[in-house]
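# Descriptive analysis of the structure
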Amino acid sequence: MSISIRNATPADIDRIAEFQQAMAMETENRTLDPSVSTQGITAIFDDPLKGFYIVAVSSSDEVVGSLLITYEWSDWSNANHWWIQSVYVDAAWRRKGVYRTMYEHILGLTKGRSDICSIRLYVERSNSVAQQTYKSLGMSHSHYDMYEIDLTQP
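So, how was this worked out
Residues numbered from 1 in each chain as written. Predicted model: local features only at pLDDT ≥ 70, side-chain atom pairs only at ≥ 80, totals over all residues. Heavy atoms only, no water. Pairing = 2+ DSSP bridges. Helix = DSSP H or I, 4+ residues; strand = E, 2+ residues; numbered from the N terminus. Right-handed = clockwise from strand over helix to strand, strands pointing away. Axes fitted to C-alpha atoms, helices over the stretch in contact; angles between N-to-C directions. Parallel < 35°, antiparallel > 145°, perpendicular 65-115°, else oblique. Left-handed = near helix turned anticlockwise from the far one by under 90°. Contact = heavy atoms within 4.5 Å. Nonpolar A, V, L, I, M, F, W, Y, C, P; charged D, E, K, R; others polar. Core = buried A, V, L, I, M, F, W, Y, C linked by side-chain atoms within 4.5 Å. Buried < 20%, exposed > 50% of the residue type's maximum accessible area, 1.4 Å probe, protein only. Polar contact = N/O pair within 3.5 Å; in protein donor to acceptor, adjacent residues only side chain to side chain. Expected span 1.5 Å × (residues − 1). Arc of directions from axis to C-beta. Salt bridge = Lys/Arg side-chain N within 4 Å of Asp/Glu carboxyl O.

## A few points about the pairing of strand 5 (residues 116–121)
Looking at chain direction, strand 4 (residues 79–89) and strand 5 are connected through 5 bridges and run parallel. Each residue of the ladder has a partner; that of Ile84, found in strand 5, is Leu121. What joins strand 4 to strand 5 is helix 3 (residues 98–110), and the crossover it makes is right-handed.

Here is the structure:
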């Protein structure tokens, strides 16, 4: 099994949208509006200042995973935090190092750059498998908790 990582292109939008639909159902038992989520994915390609996607590709040229990097400016550090978001690995490819390969690729992109001060992500409190994966890659639990107002829900 061989996995390569590349920047996603607009040709990957439909596959990434499939992944997002599956993730919403798996993690929150939620069905996303396909047109809204596809527009959200497309917006990343239309405006690179929002972030970028990478995809994991199998040796048979199948996209088997993806993740999104978005940016948060830190005035304290005069640099960006890179946020890993929208991580999804096709169920048939889980526990085979796909996420690790994507993570290591992202980590490699930060080497030698002073404009990136950290890599962050958030994870469901009950998702102990993901938390263990992140810890095994050298990430640690932050001292921050997250609060939000969801303006998309009535």
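And the narrative resumes.
## Regarding the packing of helix 1 (residues 13–28) against helix 2 (residues 34–46)
The interhelical angle for the contact between helix 1 and helix 2, taken along N-to-C directions, is 130°, at an axis separation of 10 Å. In terms of orientation, helix 1 and helix 2 fall into the oblique class. Two packed elements cross with a definite hand, and for helix 1 against helix 2 that hand is right-handed. Mapping the contact onto sequence places Ile13, Ile16, Ala17, Gln20 and Gln21 in helix 1 and Pro34, Ser37, Thr38, Ile41, Thr42 and Phe45 in helix 2. Looking at the contact of helix 1 with helix 2 residue by residue, the classes come out as 6 nonpolar, 5 polar and no charged.

## Description of the nonpolar core
One finds Leu67, Ile84, Val98, Tyr99, Met102 and Ile106 to be the most contacted residues of the largest nonpolar core, which totals 24 residues. By residue number, the principal contributor to this core is helix 3, which donates 5 residues. Once residues within four sequence positions are removed from consideration, Met102 is found in contact with Ile5, Ile54, Ala56, Gly65, Ser66, Leu67, Tyr88 and Val89. Within the second largest apolar cluster, 14 residues are counted, among which are Met23, Tyr53, Val55 and Val57.

## Some remarks on the sheet that holds strand 3 (residues 63–74)
Taken in spatial order, the 5 strands of this open sheet run 1-2-3-4-5, and their pairing is mixed. At either margin of the open sheet sits one strand with a lone partner, and together these are strand 1 (3–7) and strand 5. Neighbour-to-neighbour, the strand axes of the sheet open up by a mean angle of 25°, direction not taken into account. Strand direction decides the pairing type here: strand 2 (residues 51–58) and strand 3, joined by 7 bridges, are antiparallel.

## Considerations on the side chain of Ser74
With respect to the helices and strands, Ser74 occurs in strand 3. There is a polar contact of 3.4 Å between the side chain of Ser74 and the backbone nitrogen of Trp76. A polar atom in the side chain of Ser74 sits 3.1 Å from the backbone nitrogen of Ser77. If near-sequence neighbours (up to four positions away) are discounted, Ser74 is found in contact with Ala79, His81 and Cys117.

## Concerning helix 3
Between its first and last C-alpha, helix 3 extends 19 Å over 13 residues, near the 18 Å set by a 1.5 Å rise per residue. Buried residues of helix 3: Val98, Tyr99, Met102, Tyr103, Ile106 and Thr110, and no others. The arc that holds every buried residue of helix 3, seen down its axis, measures 130°, which confines them to one face. Where the residues of helix 3 are buried, they touch strand 1, strand 2, strand 3, strand 4, strand 5 and helix 4 (128–136). The first or second residue beyond helix 3 is Gly112, which carries a positive phi of 75°.

## Describing the pattern of salt bridges
Summed over all chains, the structure comprises 10 salt bridges. Note that Arg30 and Glu28 form a salt bridge whose closest N and O atoms lie 3.8 Å from each other. The shortest N-O distance in the salt bridge between Glu104 and Arg100 comes to 3.8 Å. With Glu104 and Arg100 both in helix 3 and 4 residues apart, this pair spans about one turn of that helix. Using a relative accessible area of 45% as the deciding quantity, one classes Glu104 as partly exposed.

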